[in-house]
Amino acid sequence: MHTRRRGSSSSDKPVADEPPEWSDVDTDAIEEHVVELAEDGYSPSQIGLKLRDEGVQGTPIPDIKLATGKKITEILEENDATGDLPEDLYNLFERAVRLREHMIENPGDHQNKRALQNTQSKIRRLVDYYRGDELDEDFKYTYDVAREYLE
């Protein structure tokens, strides 16, 4: 979005209609584990990585959606285990706060000033997208609001 480079093509995920035979964990066990990990403070992407690497009951789960028929965020919504903010917006808030604190300590750092401007621009775009559904209608991004959500 904020670069001079062109996009690069990447490989696609292999087409699969059903989970592999070696990954035969019950869907209820997977959903319970997803909710447990969310209550422990893991984000949906971290939950996916943990289940891919460690699995449930010792069996790795390569694709949650194939195994359960639902995305991780859908499982969390059903069990009321979602966070206050969508994950992408939360990560941008973290980055903006970190850059802002760096700018306070290093006011002459023009590269990071530009990075902060780009990050805030991305935040404003996402806030417009989520306003009304995930966020209140009158939600307005400021540095103080971002710090409150991160605490």
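The preceding data block contains the structure.
What you see is a predicted model; the values in this text were computed from it and never measured.

Enquirer: Please provide a residue-by-residue account of the overall build of the protein chain, values included.
Expert: A tally of helices and strands in the protein chain yields 7 helices and 0 strands. Taking 151 residues into account, the globule formula puts the C-alpha radius of gyration at 15 Å, and the protein chain, at 19 Å, lies well above it. Dimensions of the protein chain, computed from the C-alpha atoms along their principal axes, are close to 55 × 35 × 30 Å. A buried classification covers 32% of the 151 residues belonging to the protein chain. Of the contacts formed within the protein chain by residues at least 6 apart in sequence, a portion of 65% connects residues at least 24 apart. Surface exposure of the protein chain reaches about 10,900 Å², of which carbon and sulfur atoms provide 41%. Computed over 20 positive and 35 negative side-chain charges, the separation of the two mean positions in the protein chain equals 15 Å.

Enquirer: Describe the packing of helix H5 (residues 87-105) against helix H6 (residues 110-130), listing the residues and the values that go with them.
Expert: For the pair H5 and H6, interaxial distance at closest approach is 9 Å and the crossing angle is 150°. Comparing the axis directions of H5 and H6 gives the class roughly antiparallel. Pair H5 / H6 crosses with left-handed handedness. On H6, the residues touching Asp88, Leu89, Leu92, Phe93, Arg95, Ala96, Leu99, Arg100, His102 and Met103 of H5 are Asn112, Lys113, Ala115, Leu116, Thr119, Lys122, Ile123, Leu126, Val127 and Tyr130. Looking at the contact of H5 with H6 residue by residue, the classes come out as 12 nonpolar, 3 polar and 5 charged.

Reading the values: rules and limits
Residues numbered from 1 in each chain as written. Predicted model: local features only at pLDDT ≥ 70, side-chain atom pairs only at ≥ 80, totals over all residues. Heavy atoms only, no water. Helix = DSSP H or I, 4+ residues; strand = E, 2+ residues; numbered from the N terminus. Rg over C-alpha atoms; globule rule 2.2 N^0.38 Å. Buried < 20%, exposed > 50% of the residue type's maximum accessible area, 1.4 Å probe, protein only. Contact = heavy atoms within 4.5 Å. Areas by Shrake-Rupley, 256 points an atom, 1.4 Å probe, with all protein chains shown as cover. Lys, Arg positive; Asp, Glu negative; His and termini not counted. Charge placed at Lys NZ, Arg CZ, Asp CG, Glu CD. Axes fitted to C-alpha atoms, helices over the stretch in contact; angles between N-to-C directions. Parallel < 35°, antiparallel > 145°, perpendicular 65-115°, else oblique. Left-handed = near helix turned anticlockwise from the far one by under 90°. Nonpolar A, V, L, I, M, F, W, Y, C, P; charged D, E, K, R; others polar.

None of the figures reported here should be taken as evidence of function without further support.
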